[in-house]
Amino acid sequence: MAKRIFLFLLSNILVITTIGIVLSLLNISPYQTAGGGLDLVSLLIFSAVVGFTGSFVSLAMSRWMAKMMMGVKVLNPDSSLSPAERELVERVHRLSRAAGLMKMPQVGIYQSPEVNAFATGPSKRRSLVAVSTGLLHEMDDDAIEGVVAHEVAHIANGDMVTMTLLQGIVNTFVVFLARIAAWLVSRFVREDLAPIVHFVAVIIFQLVFSVLGSLVVFAFSRYREYHADRGGADLAGKDKMVHALRSLKQYTQRVRDDQASLSTLKINSKKGMSLFSTHPDLDDRINRLEAK
């Protein structure tokens, strides 16, 4: 799920920042009173509209952004595919049917030596499961089954919609608090400079609060990983799911240090567990699954 969360957060921050800049440039501030004060109720409503708009636009863009950023080649089951590609499509569709999905996800492959996979999409009916060439080349059938089952479980659980609602709430408070903080800062400068200071402060505080708010999203992401592991075990069998997680541990050294901007996308990471981790420690996930 790391890829899903990173792409979702990135697009979300870009969207709400763009909305904020446009509204500031157009001088649209329905929450400011005639005397230059703040109407907190109006500001909260304004913040909710902007915040949820940002998260839902990010959700709508999620599958397109994943394909663009990762260079995913979507496999058309009705076209000519290699035996390995055909097997992958059939595996994803079989597990999706077992999970009760009515519409089969798109299936894709992207070029990368890393052992990796992700699922994304705005809904269960418009989803995507993609795996790296490294995963297909290095993992055995049981491990691939477990990884794919885990990703299908994310779709079946409706994680992206849940994440959208959570992000919408976080966004609301980001927009709300950023504008209160910017308004306070603008009170300490000359009146002629106040609009410029307020404009710049809104952007800065919005970015800062977005990063802080992401801690809540990351914490929820770690929780959802445990849930997807259990879902993957139900679909593929606990032994295959545990085997998949153990197999992932063998490839942590393949993470490329020169891809700092993509580091949060990776299933495997050289970095330890932290508040900014989208995934729990693999050993912890294995232990929890084995204790199930």
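Here the structure is a predicted model, which is why all the values come from computation and not from measurement.

### Structural notes on the packing of aromatic side chains
Right, so step 1: Under the defined criterion, the tally for this structure stands at four aromatic pairs.
Right, so step 2: Measuring from ring centre to ring centre gives 5.7 Å for Y110 and F118, while their planes differ by 45°; the resulting arrangement is tilted. Residues Y110 and F118 agree in their burial class; the two are buried.
Right, so step 3: It is R288 that lies over the ring of Y226; its NZ or CZ is 3.9 Å from the centre.

### Considering the pairing of strand β4 (residues 126-132)
Right, so step 1: With six of its seven residues buried, β4 lies for the most part within the structure.
Right, so step 2: Here strand β2 (residues 106-110) pairs with β4 via five bridges, running parallel. In the sheet register, Q106 faces β4, and the bridge partner there is L128.
Right, so step 3: The pairing of strand β3 (residues 117-123) with β4 spans five bridges and is classified as antiparallel. Directly across from A117, in β4, lies its bridge partner V131.
Right, so step 4: Connecting β3 to the next strand, β4, in antiparallel fashion are two residues.

### A closer look at the pattern of salt bridges
Right, so step 1: Within the structure shown, the criterion is met by 13 salt bridges.
Right, so step 2: One salt bridge in this structure joins K73 and E85, with 3.0 Å as the shortest N-O distance. Of this pair, K73 sits in strand β1 (residues 73-75) while E85 is found in helix α3 (residues 83-98), placing the two residues twelve residues apart along the sequence.
Right, so step 3: Owing to a relative accessible area of 47%, K73 belongs among the partly exposed residues under this scheme.
Right, so step 4: Shared partners join several salt bridges into a network, and the residues in it are E87, R91, R94, D141 and E145.

### A few points about helix α2 (residues 40-70)
Right, so step 1: Here α2 contains 31 residues, and its C-alpha end-to-end distance of 42 Å stays within 8% of the 45 Å for a straight helix at 1.5 Å per residue.
Right, so step 2: In this structure D39 caps α2, since a side-chain oxygen of it lies 3.2 Å from the backbone nitrogen of V41.
Right, so step 3: Positive phi appears at G71, one or two residues downstream of α2, with a value of about 65°.

### A look at the environment of V49
Right, so step 1: By secondary structure assignment, the location of V49 is in helix α2.
Right, so step 2: V49 sits in the exposed class, given a relative accessible area of 53%.
Right, so step 3: Expressed as a C-alpha distance, the spacing of V49 and T172, which sit 123 residues apart in the sequence, is 7.8 Å.

### A short note on the packing of helix α7 (residues 194-236) against helix α8 (residues 238-249)
Each packed pair of helices is defined by two parameters, the angle between the axes and the distance between the axes.
Right, so step 1: Between α7 and α8, the shortest axis-to-axis distance is 6 Å and the interhelical angle comes to 130°. As the angle between them shows, α7 and α8 are arranged oblique. The residues of α8 that touch α7, namely those facing D229, G232, A233 and A236, are K238, K240, M241 and L245.

### Digging into the side chain of S132
Right, so step 1: Its location among the elements puts S132 in strand β4.
Right, so step 2: Its relative accessible area of 0% is what places S132 among the buried residues.
Right, so step 3: In contact with S132, not counting residues within four places along its chain, are Y110, S112, E114, V115 and N116.

### Here's the deal with the packing of helix α5 (residues 141-156) against α8
Right, so step 1: Closest axis-to-axis distance for the α5/α8 pair is 7 Å, and the angle between their directions is 100°. When the axes of α5 and α8 are compared, the pair comes out roughly perpendicular. Contacts between α5 and α8 pair D142, A143, E145, G146, V147 and H150 from the former with K240, M241, H243, A244 and S247 from the latter.
Right, so step 2: Among the residues forming the contact of α5 with α8, the class breakdown is four nonpolar, four polar and three charged.

Parameters at a glance
Residues numbered from 1 in each chain as written. Predicted model: local features only at pLDDT ≥ 70, side-chain atom pairs only at ≥ 80, totals over all residues. Heavy atoms only, no water. Phe/Tyr/Trp six-rings, centres within 6.5 Å; stacked < 30°, edge-to-face > 60°. Buried < 20%, exposed > 50% of the residue type's maximum accessible area, 1.4 Å probe, protein only. Lys NZ or Arg CZ within 6 Å of the ring centre and 35° of its normal. Helix = DSSP H or I, 4+ residues; strand = E, 2+ residues; numbered from the N terminus. Pairing = 2+ DSSP bridges. Salt bridge = Lys/Arg side-chain N within 4 Å of Asp/Glu carboxyl O. Expected span 1.5 Å × (residues − 1). Polar contact = N/O pair within 3.5 Å; in protein donor to acceptor, adjacent residues only side chain to side chain. Axes fitted to C-alpha atoms, helices over the stretch in contact; angles between N-to-C directions. Parallel < 35°, antiparallel > 145°, perpendicular 65-115°, else oblique. Contact = heavy atoms within 4.5 Å. Nonpolar A, V, L, I, M, F, W, Y, C, P; charged D, E, K, R; others polar.

Just geometry here; none of it tells us what the structure is for.
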